[in-house]
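Each chain is listed here by its residues.
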Amino acid sequence: MKKTTAMMALLLTIYAAVFFYGCTNKSSYSNSDDAYINYATDMQLMYHIGGNAPMTKSDKGYYYIGEDGIVIFIDKETKKATPLCSKPNCTHDDPEACDAYLNLTQKPDTLVGAHDSAIQYNDGYLYALCGEYDKSYINYNTYLMRMKPDGSQRENLTGSFNFYAFEWFIHRGYFYCSTDSSVIRIPLDSPKSEPQILYKTDYYIKSSLRAVSQICAYKNYFYFTADERNEKEEGPGLSIKCINLDTLEINDIPKAKGYQVFYNFFLDNTMIASYYDKNSDENVYLKCDLDGNVKESFFTIAHKDNLRYSTDGKYIYGDNCVQVTRKDAEKQIITVYDLNMNEIDSYVPPEFENIVCNYINPQDNEYFIFESVDDNGERILAMADKSQLGSIGGETIKFTELCKLKWAEKKDSNYYVEGQARVE
């Protein structure tokens, strides 16, 4: 029951987000199958979930990291999922002995023992944010860990940060992250250098969780949400900002018809943004340039029928998870569109006992990988082939169960320490 409750809390947190993952031979790098991004060097938009990505892709397969800190490798050719551990006869049930476990860092806005699961493949390595206490067991140290795709050669790449990292990713040679009131970056070719502050909020409620959130990058642009207010409610309030990574110029994404515009996803060199028009009671979607300037209307949808949109560069997906969460719909349905918003199919994700919604991110052109719960109440990974799209007709998508996710009991002791130093 506790696991189900925790999972539901995680899902509800994800749904509230506005935006939502090899080899070392660079000559083998190619764009993802849809030419959406270069998955070997760019932030992997197809797995980016509300600020952090629990899944990532290499040319050999996929890596998934769950709340328990275990890394699961999903082989692209065999469709087999196994813990990323090379120890013979390892049962993968002891975090202190199994090589598949990472000492993931914790966010200070989570409950004691909760992990912020995130992993990314980039330029022949896997990266994760890890943390641990020092010998005094007073100071909690956070650092960027790097390892080879087989899980070997783990190293503390950056040294201990003097700030909390909330959301993070690797993009074109830099480690980017948000702190409570800033966005910063560190070059991977000089990982122990002083962090470069790209943006610092002028107004900040220090008792709040954070003023900067929902960070992402697309090509040479960095996007984030800033909530600039102090305890007296002074300040400009909520804004969506864009940093040109060539010039480091910072711009507010313009409003449309007086309404705040939020970015949703990207298509080729176009940002798809939206706003709620209270006069028409519609959500209006726009095509914008990458600086956020409106180019033309794309489509509208009734506010009550609000869907959460994402794309893999080939299809656009409309997820009614918000409706299900609000109890406005009985079951989760994913509507599949072409890039001109013509509906081509719909499907129901794997349905299991005690699950309301199965979070859908777009992933690549080949597979969906779901985390869910089987009929026995155990968490599982499941895979569904995207070649089905166009012929499902609203039925449950056909899927293959990959593996169970209950490998070990929690043995956490890395609790959040009040008073950690921060970037100001």
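Residues numbered from 1 in each chain as written. Predicted model: local features only at pLDDT ≥ 70, side-chain atom pairs only at ≥ 80, totals over all residues. Heavy atoms only, no water.

Visitor: Can you walk me through the sheet that holds strand 23 (residues 334-337) in this structure?
Guide: The pairing of strands in a sheet comes from backbone hydrogen bonds and takes either a parallel or an antiparallel form. The four strands are arranged 21-22-23-24 in an open sheet whose pairing can be described as antiparallel. Because the sheet does not close on itself, it has two edges, and the strands there are strand 21 (308-311) and strand 24 (343-347). The sheet shows a mean angle of 25° between the axes of neighbouring strands, taken without regard to direction. In terms of strand pairing, strand 21 meets strand 22 (residues 316-319) through four bridges, oriented antiparallel. Bridge pairing in strand 22 places Thr311 opposite Ile316. (Pairing = 2+ DSSP bridges. Helix = DSSP H or I, 4+ residues; strand = E, 2+ residues; numbered from the N terminus. Axes fitted to C-alpha atoms, helices over the stretch in contact; angles between N-to-C directions.)

Visitor: Mind showing me how you'd approach the pairing of strand 2 (residues 61-65) here?
Guide: Remember that side chains alternate between the two faces of the sheet whenever the strand is regular. Most of strand 2 is tucked away: five of the five residues are buried. Judged from the three bridges that link them, strand 1 (residues 55-57) and strand 2 form a sheet pairing that is antiparallel. Its bridge partner lying in strand 2, Thr56 is registered against Tyr63. For strand 2 and strand 3 (residues 71-75), the ladder comprises five bridges, and the chain directions are antiparallel. Bridge assignment links Tyr64 to a residue of strand 3, and that residue is Ile72. (Buried < 20%, exposed > 50% of the residue type's maximum accessible area, 1.4 Å probe, protein only.)

Visitor: What am I meant to see in the pattern of salt bridges here?
Guide: Two side chains with opposite charge may pair up if their charged atoms get near one another. Scanning all chains against the criterion turns up nine salt bridges. For Asp99, the salt bridge goes to Lys87, with nearest N and O atoms at 4.0 Å. Of this pair, Asp99 sits in the loop between strand 4 (81-83) and strand 5 (120-122) while Lys87 sits in the loop between strand 4 and strand 5, and the two are twelve residues apart along the sequence. The partly exposed category is assigned to Asp99, whose relative accessible area is 30%. For Lys87, a relative accessible area of 38% gives the class partly exposed. (Salt bridge = Lys/Arg side-chain N within 4 Å of Asp/Glu carboxyl O.)

Visitor: Explain the side chain of Asp319 to me, please; I cannot follow it from the model alone.
Guide: Residue position: Asp319 is located in strand 22. A polar atom in the side chain of Asp319 sits 3.0 Å from the backbone nitrogen of Cys321. (Polar contact = N/O pair within 3.5 Å; in protein donor to acceptor, adjacent residues only side chain to side chain.)

Visitor: Just checking my understanding: could you explain the environment of Phe368 for this structure?
Guide: With respect to the helices and strands, the residue Phe368 is situated in strand 25 (residues 367-373). It is 9.7 Å that separates the C-alpha atoms of Phe368 and Pro349, two residues lying 19 residues apart in sequence.

Visitor: For this particular structure, what's the right way to read unusual backbone geometry?
Guide: Trans is the prevailing form of peptide bonds, just as negative phi is the prevailing case for residues other than glycine. Located in the positive-phi region is Gln214, a residue other than glycine, with phi close to 55°. As for its placement among the helices and strands, Gln214 is situated in strand 13 (residues 212-218). If you check the backbone angles, Asp281 has positive phi at about 55° while not being a glycine. Position of Asp281 among the secondary structure elements: in the loop between strand 18 (270-277) and strand 19 (282-288). Judged by relative accessible area, Asp281 falls into the partly exposed class, the value being 38%.

Visitor: Help me understand the nonpolar core in this model?
Guide: Side chains of a nonpolar character, in soluble globular proteins, are inclined to be buried together. By size, the foremost hydrophobic cluster in this structure holds 57 residues, and its most contacted members are Ile72, Ile74, Val183, Phe222, Tyr223, Phe224 and Leu381. If sequence neighbours within four positions are ignored, Ile74 has contacts with Lys60, Gly61, Tyr62, Lys80, Ala81, Ile369, Leu381, Met383 and Leu402. Core analysis: the next-biggest nonpolar cluster, separate from the first, contains 16 residues, Ile65, Phe73, Ala128 and Tyr143 among them. (Core = buried A, V, L, I, M, F, W, Y, C linked by side-chain atoms within 4.5 Å. Contact = heavy atoms within 4.5 Å.)

Visitor: I'm lost on the sheet that holds strand 2 in this one. Help?
Guide: Spatially, four strands are ordered 1-2-3-4 in an open sheet, and the strand pairing comes out antiparallel. The sheet is open, and its two borders are formed by strand 1 and strand 4, each paired with just one other strand. On average, each strand axis in the sheet is tilted by 25° relative to the strand beside it, whichever way the strands run.

Visitor: Got a minute to help me understand the pairing of strand 25 in this structure?
Guide: Across the seven residues of strand 25, seven count as buried, placing the element largely inside the fold. Burial along strand 25 is two-sided: the residues Tyr367, Ile369, Glu371 and Val373 and Phe368, Phe370 and Ser372 are all buried. Bridge analysis of strand 25 against strand 26 (residues 379-385) gives seven bridges, and the strand direction is antiparallel. Bridged to Tyr367 within strand 26 is Asp385. Taking the residues between adjacent antiparallel strands as the criterion, strand 25 and strand 26 are bridged by five residues, where Gly377 takes a positive phi near 85°.

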